[in-house]
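What the coordinates show
Chain residues, written in single-letter form:
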Amino acid sequence: PAITWRVRRVIHRAHMTEEEGLVSVSTLLVNVSRLDDGALVTCSAANPSVSASAISNTSILDVHYPPSVSVSLGRSLNPQTLKEGDDVYFTCTVDANPPASAITWYHEGTVQVQNMTSGVILSGDSLVLQRVSRRRAGQYKCSASNPLATVISAPVHLRIRYKPECLTSPTTYFIYDKPINVTCTVSSHPPVRAVHWQWNSSSDVIKTQLVSEPTERLSTQLTVYPIETYEDRLLSCWAVNEMGRQPLACGFSIKVAEMPLPLSSCRLANITASSLSLTCQRPEVATAGTTLYRAEVYFDNRTLFANVTSTRPNFNVSGLDAGTSYQIKVYVTHGPVTSQPIVVSAYTSRPSSPEEKQEEEEDEEEPEAAPDGSEGGGPAVPPPPSVVLDSTGVSGVSGGGDGRSAGGGGGGGGGTSTVGGIGAVMGVAAVSLVALVGVAWAWHSCRGGCHAKRKDAARLASADDAGNPDVVPNI
């Protein structure tokens, strides 16, 4: 027989034909696409020796393919004129075999669910938005799934026309003796044409800024200068586009910043070869808000060594070089304004020599003095007698009276001279002996007590500085 193949009424050549006696078998191999789904495939055979012997058989192709998805704005809607308060709907068109089981809607990547209160309605392949606001603008997509795949459509951008809206929250600016720039940011569709500025205390517009490069998000600045009255003021800005004037203006508060007083005095303490402490007095001025203190440490060549900011005017500086001069500047900051600095000069001590270190170690090894002035339970040293020196530095010793106490009847004058000379020598020796005893008593009394006082003072300074911020070198 003569065998013929037709697909969509287009003749195709058989891939292979086999004959077994009177039986013929023909095979057709053809690539199909989603367009061939439901197409008719016809196989016809005819015996050339027998007229009118042609017969045929027909099959319908069932081609499976993943979804093809597209989203579109409702046909009756004009995307260029949509504004707040209008109703909007979208249609999701899906082509899939087997048919899609579910359709999902997305707005800016967020899945949309039915919410009648918010005006969101899902119906079959449609998404309806009632009384849209500017927040409903953006990209919309839909997705569909079947056993072969899940496919998401290309986005459709929804634009909603609205009057300008302020994106800047109410802001407070501080101004002292220099101009400041106030920033106003708005959004709108269509883009803004102009921005107006006005002081709330006046009905006059102080400045109008025309927009040369329209954009749906616009930031513009106004330079505000200080005034002689030093009063707080309120400033507003608003924008205008094709939809009209911005309903709610952006508001700013311009406050006069008071220059904080510098610290009244600063005191250095605990100066060593590598560290020191700095304590300053706060100015007696009541100010609202947070007051900060900043210490900057400089070398003699004005190179910055370290800096730190604290809520207290007390600082510990470490990591210093021995025997070096430093300059410390301390500032007071309140809000955006910083005071003039108070400058403190400091000089670190030189490192101790080996002999001095040994003496210090010996002092530390000595036991503390007992309350009665004795050392470690030994006998107490009695306090030295009171010594009163005259203008010559020699204790007063009287002359020989009538002269009969010495020299066998010598005259009064001679006796006084002789006894006075001997008494002067003895007086000098006595004074020297008493002075040595007093020095020894004072040294024994202070070895333990003074050392203990030094320890107590060191502990007290350490306790006072425990809460101070450390100033360390910048790395």
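These numbers were taken from a predicted model, which means no experiment stands behind them.

This paragraph deals with the overall build of the protein chain. Check the secondary structure of the protein chain and you find two helices and 33 strands. For the protein chain, the proportion of its 475 residues judged to be buried stands at 30%. At a minimum sequence separation of 6, the contacts of the protein chain that also span at least 24 residues come to 61%. Surface accessibility of the protein chain: about 29,400 Å² in total, with carbon and sulfur atoms responsible for 53%.

Glancing now at the pattern of salt bridges. Taken as a whole and judged by the stated rule, the model has eleven salt bridges. For the salt bridge of Asp-86 with Lys-83, the shortest nitrogen-to-oxygen distance reads 3.5 Å. According to the relative accessible area criterion, Lys-83 is partly exposed, its value standing at 38%. Put simply, Glu-165 and Arg-134 hold a salt bridge, and the shortest N to O gap is 3.4 Å. You can see Glu-165 sitting in strand E16 (residues 162–166) and its partner Arg-134 sitting in the loop between strand E12 (126–129) and strand E13 (138–146), a full 31 residues away along the chain. Each of Glu-84, Arg-134, Arg-135 and Glu-165 takes part in salt bridges that share partners, so that together they form one network.

What is meant by a disulfide is a covalent connection between two cysteines, made through their sulfur atoms. For the coordinates displayed, the defined rule picks out four disulfides. Paired through a disulfide, Cys-92 and Cys-142 show a sulfur-sulfur distance of 2.0 Å. Looking along the S-S bond of the Cys-92-Cys-142 disulfide, the torsion reads about 75°, which is the right-handed sense. Taken together, the residues Cys-92 in strand E8 (residues 88–97) and Cys-142 in strand E13 connect sequence positions 50 residues apart. Each of the two residues, Cys-92 as well as Cys-142, counts as buried. The disulfide bridge from Cys-166 ends at Cys-250, spanning 2.0 Å between sulfur atoms. Because the torsion about its S-S bond is 130°, the bridge between Cys-166 and Cys-250 counts as right-handed.

Let's shift gears to the pairing of strand E11 (residues 120–123). Looking at chain direction, E11 and E12 are connected through four bridges and run antiparallel. Across the sheet, the residue bridging to Ser-123 is Ser-126, located in E12. In this antiparallel pair of consecutive strands, E11 and E12, the connection spans two residues, and Gly-124 shows a positive phi of 60°.

Time to look at the packing of aromatic side chains. For the coordinates displayed, the defined rule picks out seven aromatic pairs. Geometrically, the ring pair formed by Phe-90 and Tyr-140 is stacked, given 4.7 Å between the ring centres and 25° between the ring planes. Here the residue Phe-90 occupies a position in strand E8, and Tyr-140 occupies one in strand E13, the gap between them amounting to 50 residues. Accessibility expressed as a relative area gives 0% for Phe-90, which makes it buried. A relative accessible area of 0% places Tyr-140 in the buried class. Their ring planes at 55° and their centres at 5.9 Å tell us that Phe-305 and Tyr-326 sit as a pair that is tilted. Taken together, the positions of Phe-305 in strand E28 (residues 304–310) and Tyr-326 in strand E30 (residues 325–334) put the pair 21 residues apart, joining distant regions of the chain. For Phe-305, a relative accessible area of 10% translates into the label buried. A relative accessible area of 3% places Tyr-326 in the buried class. Feature note: the residues Phe-90, Trp-105 and Tyr-140 constitute an aromatic cluster, connected by ring pairs. It is Arg-245 that lies over the ring of Trp-238; its NZ or CZ is 3.9 Å from the centre.

Here the focus is the sheet that holds strand E5 (residues 40–46). Ordered by their spatial adjacency, four strands build an open sheet running E2-E1-E5-E6, and the pairing between neighbours is antiparallel. Edge positions in the open sheet fall to strand E2 (10–12) and strand E6 (55–60), since each of these has one partner strand only. Averaged over all pairs of adjacent strands, the angle between their axes in this sheet comes to 25°, without regard to strand direction. Strand direction decides the pairing type here: strand E1 (residues 2–7) and E5, joined by six bridges, are antiparallel. Bridge pairing links Arg-6 to Thr-42 in E5.

Moving on, we get to empty space enclosed by the protein. Applying the stated criterion across every chain, the model contains one cavity of 30 Å³ or more. In this structure, the largest cavity encloses a volume near 50 Å³. Surrounding the largest cavity, Ile-175, Tyr-176, Pro-226, Ile-227, Tyr-230, Glu-231, Arg-233, Ile-254 and Val-256 form its lining. Per-class residue counts for the lining of the largest cavity are seven nonpolar, no polar and two charged.

With that settled, the discussion passes to the confidence of the model for the protein chain. A residue-level look at the protein chain finds 72% of positions with pLDDT of 70 or above and a mean pLDDT of 78. The element-level mean pLDDT for the protein chain is lowest in helix H2 (residues 412–465), coming to 41, with E12 highest at 96. In this model residues 367–467 is a low-confidence stretch, pLDDT under 50, and it forms 50 contacts with partners more than four residues away in sequence or in other chains.

Quick look at the sheet that holds strand E21 (residues 217–224) now. Across the sheet, three strands lie side by side as E16-E18-E21; this open sheet has antiparallel pairing. Because the sheet does not close on itself, it has two edges, and the strands there are E16 and E21. With direction set aside, neighbouring strand axes in the sheet form an average angle of 25°. The sheet contact formed by E16 and strand E18 (residues 180–189) spans three bridges and is antiparallel.

Following Asn-97, the chain continues to Pro-98 via a peptide bond in cis, the omega torsion being 0°. Among the secondary structure elements, Pro-98 is positioned in the loop between E8 and strand E9 (102–107). The peptide bond linking His-189 to Pro-190 adopts the cis configuration, its omega dihedral lying at 0°. The residue Pro-190 is located in the loop between E18 and strand E19 (194–199) in this model.

Criteria and cut-off values
Residues numbered from 1 in each chain as written. Predicted model: local features only at pLDDT ≥ 70, side-chain atom pairs only at ≥ 80, totals over all residues. Heavy atoms only, no water. Helix = DSSP H or I, 4+ residues; strand = E, 2+ residues; numbered from the N terminus. Buried < 20%, exposed > 50% of the residue type's maximum accessible area, 1.4 Å probe, protein only. Contact = heavy atoms within 4.5 Å. Areas by Shrake-Rupley, 256 points an atom, 1.4 Å probe, with all protein chains shown as cover. Salt bridge = Lys/Arg side-chain N within 4 Å of Asp/Glu carboxyl O. Disulfide = S-S within 2.5 Å. Pairing = 2+ DSSP bridges. Phe/Tyr/Trp six-rings, centres within 6.5 Å; stacked < 30°, edge-to-face > 60°. Lys NZ or Arg CZ within 6 Å of the ring centre and 35° of its normal. Axes fitted to C-alpha atoms, helices over the stretch in contact; angles between N-to-C directions. 1 Å grid on protein atoms, 1.4 Å probe; cavity = no way out; pocket = protein on both sides within 12 Å on 5 of 7 lines; lining within 4 Å. Points joined across faces, edges and corners; volume = space filled by probe spheres on them. Nonpolar A, V, L, I, M, F, W, Y, C, P; charged D, E, K, R; others polar. pLDDT = per-residue confidence, 0-100.

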